[in-house]
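Structure assessment
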Amino acid sequence: IAESQDNFAAVAQIERQGEPLEVAKLYYQAMRSLYYQQRDLPRMIFVSQAGIRYCLAQADQVQVSATVDPAQREAAQATAEKLRGFAKGLAYDLGANAWPGWQEPGIEITRSDLLAGLDAARLNLRLARELSRDHDALGNARWLLGAQLLANAKANAAIVEFNQAATEFKSASKPDYEQMAHGYAAIAKRSASPNDADVAREELQQAISALKKSGTEDAKFFAEQLHSVAEYFAK
């Protein structure tokens with residue numbers, strides 16, 4: 001439908017497919033298909049943003065209807081929370097997919113894509129707080145915001161978010177993730193101040209060494225990721 005008509009017709013068709021939670025799931029599936037199968041970043045961003053708006057609007061509508069019928073209040077609250085959770089998931093994936101540090105083949109990220117990713121990362125963190133997510137989710141939200149701030153040339157603000165992410169991961173008892181966040185903070189520090197480049201490189205190496213020493217699958221993955229991302233932002 002998007003190809004034969006336009007993106008607006010396509011999302012209208014998605015929203016005619018059932019109840020709000022069913023539509024939210026379809027939006028999420030469409031977003032993943034557009035990115036992983038079609039490699040269509042502009043349309044993925046459009047569909048994700050449409051899905052976010054839909055989920056948040058439907059969540060508000062469900063809660064308003066519950067004020068009319070108090071007997072439905074508890075069920076309505078649960079549905080509204082699930083819809084906001086879908087909006088959060090769409091925002092997280094949008095922010096992550098529109099990040100150049102992955103260097104994904106076939107994905108070209110423009111300035112406007114970066115701005116969309118940054119806004120999505122901010123929304124993801126706000127919803128994580130509003131939904132009272134745990135330290136793990138808050139750590140991921142802080143990391144994503146830091147990553148987008150770094151890509152949007154806001155390195156000092158990125159350092160703050162990466163350090164906050166490390167604190168959240170420490171509270172979640174996830175030491176590999178904590179070291180990963182410290183490594184990203186070092187990458188951002190190198191971008192923020194050339195005078196601190198030597199110190200930042202040392203801090204990055206310390207994080208990578210700690211991850212290699214840990215030896216878990218996550219730690220090995222993060223160690224390689226930090227090396228690749230550091231090279232990308234050094235350019």
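Please refer to the structure placed before this passage.
Attention in this report is confined to the structure presented alongside it. Keep in mind the model is a prediction, meaning the values are calculated, not measured.

**Topic: the packing of helix H6 (residues 135-151) against helix H8 (residues 175-192)**
- Orientation of H6 relative to H8, taken along the N-to-C sense of each, is 20 degrees, at an axis distance of 11 Å. Considering the angle they form, H6 stands roughly parallel to H8. In this structure, the crossing between H6 and H8 has a hand that is left-handed. Taken together, the residues of H8 that come into contact with H6 (itself represented by Asn140, Trp143 and Leu150) are Tyr177, Met180, Tyr184, Ile187, Ala188 and Ser191.
- Within the contact of H6 with H8, the residues separate by chemical class into seven nonpolar, two polar and no charged.

**Regarding the side chain of arginine 84**
- Structurally, arginine 84 is set in helix H4 (residues 73-97).
- For arginine 84, the contacting residues outside a window of four places in its chain are Leu56, Ala59, Asp60, Gln63, Leu127 and Leu131.

**Points about the packing of H6 against helix H7 (residues 155-171)**
- At their nearest, the axes of H6 and H7 sit 8 Å apart, and the two run at 165 degrees to each other. Viewed along their axes, H6 and H7 adopt a mutual orientation that is roughly antiparallel. Remark: the crossing between H6 and H7 carries left-handed chirality. Contacts between H6 and H7 involve His135, Asp136, Leu138, Gly139, Asn140, Arg142, Trp143, Leu145, Gly146, Ala147, Leu149 and Leu150 from the former and Ala155, Ala157, Ala158, Glu161, Phe162, Gln164, Ala165, Glu168, Phe169 and Ser171 from the latter.

**Examining the pattern of salt bridges**
- Considering all chains together, one arrives at eleven salt bridges under this definition.
- When the shortest N-O distance is used, the salt bridge between glutamate 3 and arginine 43 registers 2.9 Å. In this pair, glutamate 3 sits in the segment before helix H1 (7-14) while arginine 43 sits in helix H3 (residues 41-68), placing the two residues 40 residues apart along the sequence.
- Among the residues examined, glutamate 3 registers a relative accessible area of 68% and is labelled exposed.
- Arginine 43 gets classed as buried once you look at its relative accessible area, which sits at 18%.
- As a salt-bridge pair, lysine 189 and glutamate 203 come within 2.9 Å of each other at their nearest N and O atoms. Highlighted residues: lysine 189 in helix H8 and glutamate 203 in helix H9 (residues 197-214), separated in sequence by 14 residues.

**Concerning unusual backbone geometry**
- At alanine 153, a position not held by glycine, the phi torsion is positive, near 60 degrees.
- Look at alanine 153 and you get exposed, because its relative accessible area is 72%.
- We note that serine 173 has phi near 60 degrees; this positive angle belongs to a residue other than glycine.
- Examined against the element boundaries, serine 173 turns out to sit in the loop between H7 and H8.
- With relative accessibility at 60%, the residue serine 173 sits in the exposed group.

Calculation notes
- Residues numbered from 1 in each chain as written.
- Predicted model: local features only at pLDDT ≥ 70, side-chain atom pairs only at ≥ 80, totals over all residues.
- Heavy atoms only, no water.
- Axes fitted to C-alpha atoms, helices over the stretch in contact; angles between N-to-C directions.
- Helix = DSSP H or I, 4+ residues; strand = E, 2+ residues; numbered from the N terminus.
- Parallel < 35°, antiparallel > 145°, perpendicular 65-115°, else oblique.
- Left-handed = near helix turned anticlockwise from the far one by under 90°.
- Contact = heavy atoms within 4.5 Å.
- Nonpolar A, V, L, I, M, F, W, Y, C, P; charged D, E, K, R; others polar.
- Salt bridge = Lys/Arg side-chain N within 4 Å of Asp/Glu carboxyl O.
- Buried < 20%, exposed > 50% of the residue type's maximum accessible area, 1.4 Å probe, protein only.

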